[in-house]
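The chain contents come next:
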Amino acid sequence: MEDTIAPRRVTRIRHELHRRDTVVRRITRPSPNFVAITFADPSLAGFVSSSFDDHVKFIFTDTQGQPVRRDYTPLHHDAAQGELTIEFALHDSGAATQWARQAQVGDRAVIAGPRGSMVIPADYPWHLLAGDTTALPAIVRRLRELPADVSARVLLLAEDAADHRPLHSAARLDVSWVRSPEAFLAAADALQLPEGEGFAWAAGEASLMKRLRQLLVDGKQHPRTAMRVSAYWKQGAQEFHEDLVD
Ligand SMILES: Cc1cc2nc3c(=O)[nH]c(=O)nc-3n(C[C@H](O)[C@H](O)[C@H](O)COP(=O)(O)OP(=O)(O)OC[C@H]3O[C@@H](n4cnc5c(N)ncnc54)[C@H](O)[C@@H]3O)c2cc1C
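Conventions we followed
Residues numbered from 1 in each chain as written. Predicted model: local features only at pLDDT ≥ 70, side-chain atom pairs only at ≥ 80, totals over all residues. Near = placed C-beta within 6 Å. Helix = DSSP H or I, 4+ residues; strand = E, 2+ residues; numbered from the N terminus. Nonpolar A, V, L, I, M, F, W, Y, C, P; charged D, E, K, R; others polar. Domains from an automatic or database assignment. Contact = placed C-beta atoms within 7 Å. Pairing = 2+ DSSP bridges. Axes fitted to C-alpha atoms, helices over the stretch in contact; angles between N-to-C directions. Core = buried A, V, L, I, M, F, W, Y, C linked by C-beta atoms within 7 Å. Buried ≥ 20, exposed ≤ 12 C-beta atoms within 10 Å, placed from the backbone.

Draft legend 1. Quick peek at the site of the ligand. In the vicinity of the ligand lie 25 residues, with His55, Thr73, Ala89, His91 and Gly94 positioned nearest. Secondary structure elements with two or more residues in the shell around the ligand: β5 (67–72), β7 (83–89), α1 (95–102) and β14 (227–233). Split into classes, the residues belonging to the shell around the ligand amount to nine nonpolar, 11 polar and five charged. In this structure, the shell around the ligand is formed jointly by two domains, domain 1 (12–116) and domain 2 (120–244), each of which donates at least three residues.

Pasting the structure below:
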């Protein structure tokens, strides 16, 4: 019988939607502009997140007593402890940023989802992971999940150099940090993408991601089928999310 190798493909998984009432158990500051918050509830034992690209709806009460919802990446799940950690990139204004900045152990919030997952095979020989501070939690999680026999090229934008933390992975890792959108696009343009099959994943501000995607498609002729670029926020808009496609 002839051996056939199935092509790698992204698969979509739907999950049953759960809303979980959680309480803040721990708070740490990985660097000046990030707060990592660990939420706990026994119901989190059954939490399922199949991809680093997943998001949950984080639902909290703002300073006016109004319910607010924002999207966040499930960074670390500990089923045994019934815990989920989310890392918030702090920025100048915004209800979620304000909530995270002032969070105290014992505060309550609802975590809903994830509703679905886009599972990107980890065995592509190379991975490009790029984005701004909102993409950092997803990239940290992906790097933790990649196997040793692949390579990961990481390009990250954080204006404050104090946020440029060391990253770890079993994969062969090449990380660049930049401090402005212009430097991000210049570094992306200068990238020599390796030979062979690779997957490009990126997330961040809408106009920056649009330009990055254009650069990957038109400038580097990277196949659209091996790419996922998302707008995780948009300058001047609240709660914005868009997956960029042509
Ligand atoms: C799938 C997905 C996963 C995400 N995962 C994470 C995550 O793990 N960690 C994380 O920190 N963020 C993550 N984000 C981004 C986060 O949801 C947005 O940044 C969100 O807008 C923050 O809400 P807010 O209430 O603080 O600000 P909003 O009320 O939504 O916005 C207020 C103002 O702040 C601006 N703004 C919003 N976000 C930023 C920012 N990051 N930097 C500068 N200005 C901003 C807006 O343009 C607006 O003018 C994710 C988004 C998506 C779609």
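Draft legend 2. Main features of the domain arrangement of the protein. According to the domain assignment, the protein contains domain 1 (12–116) and domain 2 (120–244). In this structure, domain 1 and domain 2 have C-alpha centres spaced 22 Å apart. Each partner contributes residues to the interface: domain 1 has 15 residues there, and domain 2 has 17 residues. Breaking the side of domain 1 that touches domain 2 down by element, the ones donating at least two residues are β2 (19–31), β5 and β7. The biggest single contributor to the side of domain 1 that touches domain 2 is β5, with three residues. Here the residues of the side of domain 1 that touches domain 2 are counted per class, giving six nonpolar, four polar and five charged.

Draft legend 3. Quick look at the sheet that holds strand β3 (residues 34–40). Strand order in the open sheet made by the seven strands is β5-β4-β8-β2-β3-β7-β6, with antiparallel pairing throughout. The two strands at the open ends of the sheet, each matched to only one other strand, are β5 and β6 (76–78). Going across the sheet, the axis of each strand differs from the next one's by a mean of 35 degrees, ignoring polarity. As paired elements, strand β4 (residues 56–61) and β5 share six bridges and run antiparallel to each other.

Draft legend 4. Representation of the nonpolar core in the model. If you look at the biggest cluster of nonpolar residues, it comprises 55 residues, and the most contacted ones within it are Phe58, Ile139, Ala200, Ala202 and Leu212. Viewed by domain, this core spans two of them, domain 1 (12–116) and domain 2 (120–244), each represented by three or more residues. Ignoring sequence-local partners within four residues, the contact set of Phe58 consists of Arg70, Tyr72, Ile86, Ala96, Ala109 and Ile111.

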